[in-house]
Amino acid sequence: MRKKTVDVRALKASGFIRQTENEYFVCRLRVPGGNIVTEKMVQAAELAKKYGRGYCHFTFQQSIEIPYVKLDDMDALKAELDGLGLRMANCGPRVRAITACQGCKVNPYGRVDAPGLAAAADEKYFGLDTPAKFKIAYSGCNIGCPNPQENDLGFHGMVEPELAPELCNGCTLCVQLCKSRGGESLVMNKETNLPERDDKRCTYCGECIYCCPTNAWVVKRIGHAVYVGGKHGRFPRWANRVADFVSDEETFELIEKCVAWYNQNSKRGERFGTAIDRLGLKKFKQEVLGDKYTAAKEWDVHGDRPKGVHYRVLHSWDPEDDE
Amino acid sequence: MDEKQNGLLDLRGVSCPMNWVRTKMVLEDMEIGEKLEVWLDDGEPIRNVPRSIKDEGHKLLKVSPVEDYFRVVIERG
Ligand code: SF4
Ligand code: SF4
Ligand code: SF4
């Protein structure tokens, strides 16, 4: 009977994941960028009541799960989901549902439309086959709530400010707030009574632009920082920051290039960051980035981490890669 | 109601958005061009209150850090 021949791998790709209690499955719904219209949320809740045990689980990948679906109910549930336009997420070796924070439209720290970009990228790239799981995150700013440094490919918004000196009244607010954002890039010039920016110490958080009461700071450049090869799990790997100020379109281009390079260069089960380590970051940069993008800044508070965090080197076997 | 003392409003320990509500009430009773000094905590208060001051058309003239708080001079717009 069907029960004997259930193909767990195929189910994973479709978003049904076997539970500890073998006869039950979790149904994972796709919520790219973490935004879901209320109507769909209510429908998901009703289906959890009908097919599950009356509760939903929010995963760390921003999916909504309906636990305790019986094997025999899966087809009926799938048919209802299809009818309602509720799409399922996935599991296994492929591009996972793309995550994001609230971004600039909601969060005052946000500099880019993280959830909008995540949803657009998810439309294009969700489910592409890769050697192991491939997680992508868009972050509104360099605070990085969606952990861009712990995703296979991560982005965070960044903006370079420029002063229009004739508008500045010398209030010093930007200087005070720059400090609180870890930049310490601004100091008041006592003679001119204008803030001066040391680009080497600027984190491109954009706080000065946001806070200035006279709009004296303007946007010179805006874009995304690019992180590759990050992961958490038992043997975390902190991502390499490889480019700065890439455009919205270029984030899509980089997803395509990274997935293609990963598929060409890696074997089943090996995570993206492990492949980069094996083949060398230099080779990766040459082959994927070329000289097209702005190189990542040398000094930055987020990219530099103590070497000890890179635990992977201690072990050659990584159970998480087999998932 | 006048809660400011000698043109000073001490809002240390008052969280958002109450610090702004109180600033706004004081500003409303003032003449255009008159100045007010408010004391704000570091963190959210110093981020949020100047923003609201700007949004409501007042001028922020000076921010001076003092230990763990800020003295902020506002001109009624
Ligand atoms: S990453 Fe920045 S924009 Fe996104 S939620 Fe965190 S603070 Fe807000
Ligand atoms: S962008 Fe951020 S770090 Fe850079 S000068 Fe402005 S406040 Fe400071
Ligand atoms: S916040 Fe604006 S007005 Fe105040 S010192 Fe900075 S640039 Fe000048």
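Residues numbered from 1 in each chain as written. Chains lettered and ligands numbered in written order. Predicted model: local features only at pLDDT ≥ 70, side-chain atom pairs only at ≥ 80, totals over all residues. Heavy atoms only, no water.

With that settled, consider the overall build of chain B. Assigned secondary structure in chain B consists of two helices and four strands. Starting at the N terminus and walking to the C terminus, you meet the elements of chain B as β-α-β-α-β-β. Its C-alpha atoms give chain B a radius of gyration of 11 Å, near enough to 11 Å, the size a compact globule of 77 residues would have. Along the first, second and third principal axes, the C-alpha atoms of chain B reach 30 × 25 × 20 Å. (Helix = DSSP H or I, 4+ residues; strand = E, 2+ residues; numbered from the N terminus. Rg over C-alpha atoms; globule rule 2.2 N^0.38 Å.)

Residues and elements named next belong to chain B. Spatially, four strands are ordered E1-E2-E4-E3 in an open sheet, and the strand pairing comes out mixed. Edge positions in the open sheet fall to strand E1 (8-10) and strand E3 (59-66), since each of these has one partner strand only. Strand-to-strand twist across the sheet, computed as the mean angle between neighbouring axes with direction ignored, equals 20°. Where E1 and strand E2 (residues 35-41) come together, three bridges link them in parallel fashion. In the sheet register, Leu9 faces E2, and the bridge partner there is Val38. (Pairing = 2+ DSSP bridges. Axes fitted to C-alpha atoms, helices over the stretch in contact; angles between N-to-C directions.)

Around ligand 1, a shell composed of Cys101(A), Asn107(A), Tyr109(A), Gly110(A), Ser139(A), Gly140(A), Cys141(A), Ile143(A), Gly144(A), Cys145(A) and Pro146(A) is seen. Across the shell around ligand 1, the residue classes tally to six nonpolar, five polar and no charged. (Near = heavy atom within 4 Å. Nonpolar A, V, L, I, M, F, W, Y, C, P; charged D, E, K, R; others polar.)

In the vicinity of ligand 2, 13 residues are found, and the nearest of them are Cys178(A), Cys202(A), Cys205(A), Gly206(A) and Cys208(A). In terms of residue class, the shell around ligand 2 is built from seven nonpolar, four polar and two charged.

What follows concerns helix H2 (residues 44-55) of chain B. All names here are of chain B. Taking 1.5 Å of rise per residue, twelve residues should cover 16 Å, and H2 covers 16 Å from first to last C-alpha, within 8% of that figure. All of the buried residues in H2 are Pro45, Ile46, Arg47, Val49, Pro50, Ser52, Ile53 and Lys54. In the segment just after H2, Gly57 is the residue with positive phi, at about 85°. (Expected span 1.5 Å × (residues − 1). Buried < 20%, exposed > 50% of the residue type's maximum accessible area, 1.4 Å probe, protein only.)

Let us now look at the packing of helix H7 (residues 248-265) of chain A against helix H9 (residues 281-289) of chain A. How two helices pack is summed up by the angle between their axes together with the distance between the axes. Residues and elements named next belong to chain A. Relative to each other, H7 and H9 sit at 125°, their axes nearing to 10 Å. With respect to their mutual orientation, H7 and H9 come out oblique. For H7 against H9, the interelement crossing comes out right-handed. Of the residues in H9, those in contact with Leu254, Lys257, Cys258, Trp261 and Asn265 of H7 are Lys283, Phe284, Glu287, Val288 and Leu289. Looking at the contact of H7 with H9 residue by residue, the class counts come to six nonpolar, one polar and three charged. (Parallel < 35°, antiparallel > 145°, perpendicular 65-115°, else oblique. Left-handed = near helix turned anticlockwise from the far one by under 90°. Contact = heavy atoms within 4.5 Å.)

Right, let's get into the interface of chain B and chain A. Taken together, the contact pairs twelve residues of chain B with 16 residues of chain A. Summed over both partners, the interface of chain B with chain A buries about 1,300 Å², with 51% contributed by carbon and sulfur atoms. Considering only the side of chain B, the residues that lose the most area to chain A are Arg47(B), Arg51(B) and Lys54(B), jointly responsible for 47% of the buried surface there. Between the two partners, chain B and chain A, sit one salt bridge. Arg47(B) is paired through a salt bridge with Glu207(A); the nearest N and O atoms lie 2.7 Å apart. Between the two partners, chain B and chain A, sit nine residue pairs in polar contact (both at pLDDT 80 or more). Residue assignment for the side of chain B that touches chain A shows that the elements contributing at least two residues are H2 and E3 of chain B. For the side of chain B that touches chain A, the leading source of residues is H2(B), giving six residues. For the side of chain B that touches chain A, the per-class residue count stands at seven nonpolar, no polar and five charged. (Buried area = accessible area lost by both parts, 1.4 Å probe. Salt bridge = Lys/Arg side-chain N within 4 Å of Asp/Glu carboxyl O. Polar contact = N/O pair within 3.5 Å; in protein donor to acceptor, adjacent residues only side chain to side chain.)

Below, the discussion takes up the sheet that holds strand E12 (residues 294-295) of chain A. Residues and elements named next belong to chain A. Strands sit in the order E5-E6-E7-E10-E11-E12 across an open sheet of six strands; the sheet is mixed. Edge positions in the sheet fall to strand E5 (99-100) and E12, since each has one partner strand and no second. Strand direction decides the pairing type here: strand E10 (residues 217-228) and strand E11 (residues 240-246), joined by four bridges, are antiparallel. The residue bridging Val228 from the neighbouring strand is Asn240, located in E11.

This next bit is on helix H4 (residues 114-125) of chain A. Residues and elements named next belong to chain A. The end-to-end C-alpha distance of H4 is 16 Å, a good match for the 16 Å that twelve residues give at a rise of 1.5 Å each. Along H4, the residues classified as buried are Ala114, Pro115, Leu117, Ala118, Ala121, Asp122 and Tyr125. Here the buried residues of H4 occupy an arc of 155° about the axis, which is enough to place them on one side. Looking at the buried positions of H4, the neighbouring elements they touch are E5, strand E6 (136-139), E10 and H7. Two to three positions downstream of the cap, the backbone nitrogen of Gly116 sits 3.1 Å from a side-chain oxygen, assigning the N-cap of H4 to Asp113. Once H4 finishes, Gly127 follows within two positions and takes phi at roughly 85°, a positive value. (Arc of directions from axis to C-beta.)

Okay, the confidence of the model for chain A next. When pLDDT is averaged along chain A, the result is 89, and 89% of the positions lie at 70 or above. Under a pLDDT of 50 for its full length, residues 300-319 of chain A has, in the predicted model, 30 contacts with residues more than four places off or in other chains. (pLDDT = per-residue confidence, 0-100.)

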